[in-house]
Amino acid sequence: MSLTSSNPDIVIVGSGFFGLTVAERCATELDLKVLVIERRSHLGGNAYSEREPETGIEVHKYGAHLFHTSNERVWEYVNRFTSFTGYQHRVFAKYADQVYSFPMNLGLISQFFGRYFTPDEARALIAEQASEIRTEDATNLEEKAISLIGRPLYEAFVKGYTAKQWQTDPTELSADIITRLPVRYTFDNRYFNDKYEGLPVDGYTAWLERMADHPNIEVVLETDFLADGVAEQFKGRVPVVYTGPVDEYFDNSEGRLSWRTVDLTAEVKDVDDFQGCAVMNYNDADVPFTRIHEFKHFHPERTYLPGKTVIVHEYSRFATEDDEPYYPINTAEDRAKLLRYRDLAEQEPMVLFGGRLGTYKYLDMHMAIASALSMFDNKLKPHFVDGAELKSGGVDA
């Protein structure tokens, strides 16, 4: 497949938030001709959303996306393309036929232990229960978690959920996986602590399409940059920003990086309201899925068809070669491979690696946008405006 007729100044591989932010900045601020190459049949990466045809309810196709940030520059930037609702994310956790507000807070502690605790009483209780194991002595995830929150809360809200997420007994998982388990000693049940939070009023796809809606931006869908000789048409000729899997770019020459993925099964229910909230975690080990999303609760301001709702069960597992990678597992072996891929990346001619897949880092949306703005400021703009050498790499951007 030949794409050279478009004669771009820069090529962006992948149309998620990282790729589209770079594309928009290059087109708008530098008046560059930008070619965006996307393997899927739609732009937007994992943030893509679409209306469920029977109900009209907007569903996030690749799992729930909740926008939040305390970064003033990112907030100003995203508001150029969408306005946001006042949605504040709140999660609930079901365990042993009871539902608790989550993350762990005074409400959960008081409910779980059967009486009201003042903040100081709750701190003392958790400290006493956590004293069973010293954090510095923890040799696996289970011991680390117990050293942070105590055994009762660990066994109820962490053990079963973690085992389902990782398909591995927590005693066989590294203690490094968790650095902290937050407990709020207030009744605040907001999931995020950021200054700004909300959902795009018209949905994620409308937001993403506005970012790409520039006369200098051409988007080519259903095209694999690494297949059919596409990469060879551009590498070394124009700058390339690659946001696909870094190991895949190098044909897994240093070994495949390990990821977790999720399976999502959507279902239309003939009820107005299935669970009363947007996200319900299922912490019991004998329940096979990790959580259920009910998408009409993300946009309560919208008018919906009565008597119908859409729920999505989410299952977590290790990703195989044909799966969509979601979360980097990041073992010591993975980190060693990544260092070797960084060395290879620096040798590529005018290729920058970015985004969640290109850096092998879990990036929230605001983090991906901030990273893309940084790449534009520090690497691309100096190259195109001042003629600075474009040093390849950026896997750790």
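Since the model is a prediction, treat every value here as computed from it, not as a measurement.

### Thoughts on the sheet that holds strand β13 (residues 291-294)
The strands that make up a sheet pair up through hydrogen bonds in the backbone, lying either parallel or antiparallel. The strand order across the open sheet formed by seven strands is β7-β6-β12-β13-β14-β11-β15, and the pairing between neighbours is mixed. Bordering the open sheet on either side are β7 (98-102) and β15 (327-328), each of which pairs with just one other strand. By the bridge criterion, ten bridges tie strand β11 (residues 259-269) to strand β14 (residues 309-318) in an arrangement that is antiparallel. Following the sheet pairing, Arg-260 is matched in β14 by Phe-318. Most of the contacts of helix α7 (residues 159-166) go to β14, to which it runs at about 75 degrees, and overall it touches β11, β12 (279-282), β13 and β14.

### Some remarks on the UniProt feature "domain: UDP-galactopyranose mutase C-terminal" (unreviewed entry) in the protein chain
UniProt tags residues 156-362 as "domain: UDP-galactopyranose mutase C-terminal" (unreviewed entry). From the first C-alpha to the last, residues 156-362 spans 26 Å; its make-up is 23% helix and 21% strand.

### Brief notes about the nonpolar core
Core analysis: the largest hydrophobic core is formed by 87 residues, its most contacted members being Phe-67, Trp-207, Phe-225 and Phe-234. For this core, the element with the highest residue contribution is helix α8 (residues 204-212), accounting for five residues. Residues in contact with Phe-225, not counting those within four places in the same chain, are Val-11, Val-13, Ile-37, Val-230, Ala-231, Phe-234, Lys-235, Val-240, Tyr-242 and Tyr-249. Core analysis: the second largest hydrophobic core is formed by 19 residues, Cys-26, Val-34, Ile-217 and Met-375 among them.

### Remarks on the side chain of Asn-216
Tracing the sequence through the fold places Asn-216 in the loop between α8 and β9 (217-220). With a relative accessible area of 18%, Asn-216 lands in the buried category. In contact with Asn-216, other than residues within four places in its own chain, are Ala-27, Asp-31, Leu-32, Lys-33 and Val-34.

### Details of the packing of aromatic side chains
Per the counting criterion, the structure on display carries 32 aromatic pairs. Consider the rings of Tyr-326 and Tyr-327, whose centres lie 6.1 Å apart with planes at 45 degrees: the pair is tilted. Like Tyr-326, the residue Tyr-327 is buried in the burial classification. Among the aromatic residues, those joined into a cluster by ring pairs are Phe-17, Phe-67, Trp-75, Phe-84, Tyr-196, Tyr-204 and Trp-207. In this arrangement the basic side chain of Arg-115 is found over the ring face of Phe-117, its NZ or CZ atom lying 3.9 Å from the centre. The ring of Trp-166 is capped by Arg-260, whose NZ or CZ atom sits 4.5 Å from the centre of that ring.

What counts and what doesn't
- As a convention, each chain's residues are numbered from 1 in the sequence order in which they are written.
- This being a predicted model, a pLDDT of at least 70 is required before a residue's local features are given, and a value of 80 or more before pairs of side-chain atoms are given or counted; all residues contribute to the totals for chains, interfaces and linings.
- The side-chain quantities take in all heavy atoms of the structure and omit both hydrogens and water.
- A pair of strands counts as paired when DSSP detects no fewer than two bridges linking them.
- Comment: elements are numbered from the N terminus, with helices defined as DSSP H or I runs of at least four residues and strands as E runs of at least two.
- Contacts between residues were defined by any pair of non-hydrogen atoms, one from each residue, lying within 4.5 Å.
- Working convention: axes come from line fits to C-alpha atoms, limited for helices to the stretch in contact. Angles between N-to-C directions cover 0 to 180 degrees.
- UniProt positions are given in the numbering used here, feature names are shortened, and annotations may be inferred rather than shown by experiment.
- Among the buried residues, those of types Ala, Val, Leu, Ile, Met, Phe, Trp, Tyr and Cys that are joined through side-chain atoms within 4.5 Å form a nonpolar core.
- Using a 1.4 Å probe on the protein chains alone, a residue whose accessible area is under 20% of its type maximum counts as buried, one over 50% counts as exposed, and one in between counts as partly exposed.
- The rule is short: rings of Phe, Tyr and Trp, with Trp giving its six-membered ring, pair when the centres are within 6.5 Å, and they are stacked under 30 degrees, edge-to-face over 60, tilted in between.
- Note on criteria: charge over ring means Lys NZ or Arg CZ within 6 Å of the ring centre, with the direction from the centre no more than 35 degrees off the ring normal.

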